Amino acid sequence: MIKSLLWWLIFIAVMCTLPLFLPSGILRFLVFANFVAIWAMSWDVLSGYTGYTSFGHPFLIGIAGYATAILAHEFGFPLYGSMALGVLAGVGAGMAFFFPALRVRGPYFALVTLALMDLAHRLVIAIRPDVTGGTRGITGLPLVVSGATPSFYMSLGVMFAIAIGLWFVTRSDIGTILRAIHMDEDALKTEGFSTLKYKLLAFLLSAVVASIGGVLYTHYLGTISPEGIFGIDMLFMILIAALIGGQNSIIGPIIGAYFIISLLQVSRPFLPGEERWLLYGAIALGVYFFRPTGFYGIATDIGSWYRERRRRKQYG
Amino acid sequence: MAKLLEVHGLTKHFGGITAVDNLSFHLEEGEILGLMGPNGSGKTTVFNLIMRDHKQDSGEIFFEGEEISHCRTDEVVKMGIARTYQIPRPFRDMTAIENIRVSALPDEVIKLLRREFRSEMYTELGKDVGLGEYFSMYPDELTVGNLRRLEMAKAMATNPKLALLDEIFAGLTIVEIAEISELIRRKKAEGLNIIIISHDLRALAPLVDRVVVIYFGRLIAEGPFAEIVKDEKVKAAYLGVKGVA
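Everything quoted here is computed from the prediction, not taken from an experiment. (Residues numbered from 1 in each chain as written. Chains lettered and ligands numbered in written order. Predicted model: local features only at pLDDT ≥ 70, side-chain atom pairs only at ≥ 80, totals over all residues.)

Let's talk about the nonpolar core
Nonpolar side chains tend to gather and get buried jointly when the protein is soluble and globular. Counting residues in each nonpolar core, the largest one holds 103 residues, and the members touching the most others are Val36, Ala40, Met41, Ile238 and Ala257 of chain A. For this core, the element with the highest residue contribution is helix α2 (residues 24-50) of chain A, accounting for 14 residues. In this structure Ala257 of chain A touches Ala33, Val36, Ala37, Ala40, Ala241 and Gly245 of chain A, once residues within four positions along its chain are discounted. In this structure, Leu10, Ala82, Met156 and Val234 of chain B belong to the second largest nonpolar core, which totals 66 residues. (Core = buried A, V, L, I, M, F, W, Y, C linked by C-beta atoms within 7 Å. Buried ≥ 20, exposed ≤ 12 C-beta atoms within 10 Å, placed from the backbone. Helix = DSSP H or I, 4+ residues; strand = E, 2+ residues; numbered from the N terminus. Contact = placed C-beta atoms within 7 Å.)

Below, the structure written as structure tokens:
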């Protein structure tokens, strides 16, 4: 535990030095990487661990984001008040619509959550466009911080706080139980576990994290639009970050988010349009085919291979 | 002797099929009860109903005098009933000792957050069923016999008063059957009450105090093993003669 905390500190320290030598344009996309990392971790703690694959995390993000945007823009709520209420709205809507779906498993859960996301997308456009801004969304929202460097530190700080919190929970036996739900939920009930309780816990953690990401992202951009939140690109970004980074590890989604956003930037001059999703798809498929544990799994494999080799050298 | 488990008029339909039909039986304290019947006669369904994996259509189940129909599976387990599965269901990505450890963990979020449940605390449970050398193996690497032992250890980890053993002898060698039988006898001596489902009548005969035979979900005979095997209805049911039930 102490050793892993040390690794976290080193990781954080390295990340904190980035603004010293990176131009603000690059920092801007790293801010986005931090948000994708937050959402991918949120996805991981629910879907990666318990195996209830959600295709609807943008629903949680969007409800929280729209709630704070509307409260701040239409009703003139102070920034932090509307952000807190936004998180509550995201978690509340999740409890009302998302959580009940945890009664169905496998593809059914994925489809129900996907439907929720699409429903939110359509409703935001169709119902009261004078409040939601319709397809154009809401602009001119108050900002949490302004400037590339402060935004980077803000998003990085929140991302790491969430990462360490989720790391602590999932590395405890709560994580063990969540993984056991993935392997055989009914068998776990037969061992005397009320699995609903752990699914609720995983869901609440996931919803709170997604909503915090949602409200901060909204007030980082100062704008929110239906396509930007509920569009299929957002969902793909989160899923691919979690999957190629390595699900059920919490660290993996961070690696995945940074990888996918960096790739997006690097490939932009060559692949400006939608075709870059082909590239992501190919990479995700490749990683998934050869190493379903993702980059994090590959890293731990190399680590254990290295330790094994050193041990062999030592003892002949 | 007190009745530990009592089943009254239990009925369960699956669509048009009546899996369990107005079934009543009981288990006395300190007893090993055999639950017999040909394939598809509803034995496992009875276990599933006791464990609350299914809800019965009518009838009652009493455990230590308390009606358990309103309970969830995990509540029944906490009251002291454990089961093993006909087809072992270990957690595939966990080693044998981790499997046992998970079964023994408390169902309390706060306790689970503290990392105080080390694997070493559970080696006794594993050694007790004879899994001592296989702790670090994954379920895929275990033989059928050792998977059954793991099932036993996982059931024992919940500290039960009553164990429901579903086809515990299926697919085992003669030596393994003898070892598991010995384990079951030892557990009985330690105060565990047991209901065994088995096709293997030779394995069942020396173990059980009493047998309940069901056919198409109905009770057709009940009594000591020696008497049951002479029963005409039981013979007919096992040999597939029509018109017994």
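Examining the pairing of strand β3 (residues 32-36) of chain B
Residues and elements named next belong to chain B. Of all five residues in β3, five are buried; the element is thus mostly enclosed. Taking every second residue as pointing to the same face, both faces of β3 are buried, with Ile32, Gly34 and Met36 on one and Leu33 and Leu35 on the other. Pairing between β3 and strand β8 (residues 193-197): four bridges, direction parallel. In the sheet register, Gly34 faces β8, and the bridge partner there is Ile196. The pairing of β3 with strand β9 (residues 210-215) spans four bridges and is parallel. Counted as the bridge partner of Gly34 is Val211 from β9. (Pairing = 2+ DSSP bridges.)

Some words on the domain arrangement of chain B
Residues and elements named next belong to chain B. For chain B, the assigned domains read domain 1 (1-80 + 162-245) and domain 2 (89-159). Distance between the C-alpha centres of domain 1 and domain 2: 26 Å. The interface is formed by 11 residues belonging to domain 1 together with nine residues belonging to domain 2. Listed by contribution, the elements that provide at least two residues to the side of domain 1 that touches domain 2 are α2 (73-79) and α7 (174-189). Ranked by residues supplied to the side of domain 1 that touches domain 2, first place goes to α7 with four residues. Classifying every residue of the side of domain 1 that touches domain 2 gives six nonpolar, two polar and three charged. (Domains from an automatic or database assignment. Nonpolar A, V, L, I, M, F, W, Y, C, P; charged D, E, K, R; others polar.)

Here we look at the interface of chain B and chain A
Listed as interface residues are 23 residues of chain B and, on the opposing side, 18 residues of chain A. For the side of chain B that touches chain A, the elements supplying multiple residues, two or more each, are α2, α3 (96-104) and α4 (109-113) of chain B. The dominant element in the side of chain B that touches chain A, judged by the number of residues it contributes, is α2 of chain B, at four residues. Residues of the side of chain B that touches chain A, tallied by class, amount to nine nonpolar, three polar and 11 charged.

A few points about helix α6 (residues 144-157) of chain B
Residues and elements named next belong to chain B. The end-to-end C-alpha separation of α6 is 20 Å, in line with the 20 Å expected for 14 residues at 1.5 Å each. Within α6, the full set of buried residues consists of Asn146, Leu147, Arg148, Arg149, Leu150, Glu151, Met152, Ala153, Lys154, Ala155, Met156 and Ala157. On its buried side, α6 packs onto β6 (81-84), α3, α5 (123-128), β7 (162-166) and α7. After α6 finishes, the residue Asn159 shows a positive phi value of roughly 60°. (Expected span 1.5 Å × (residues − 1).)

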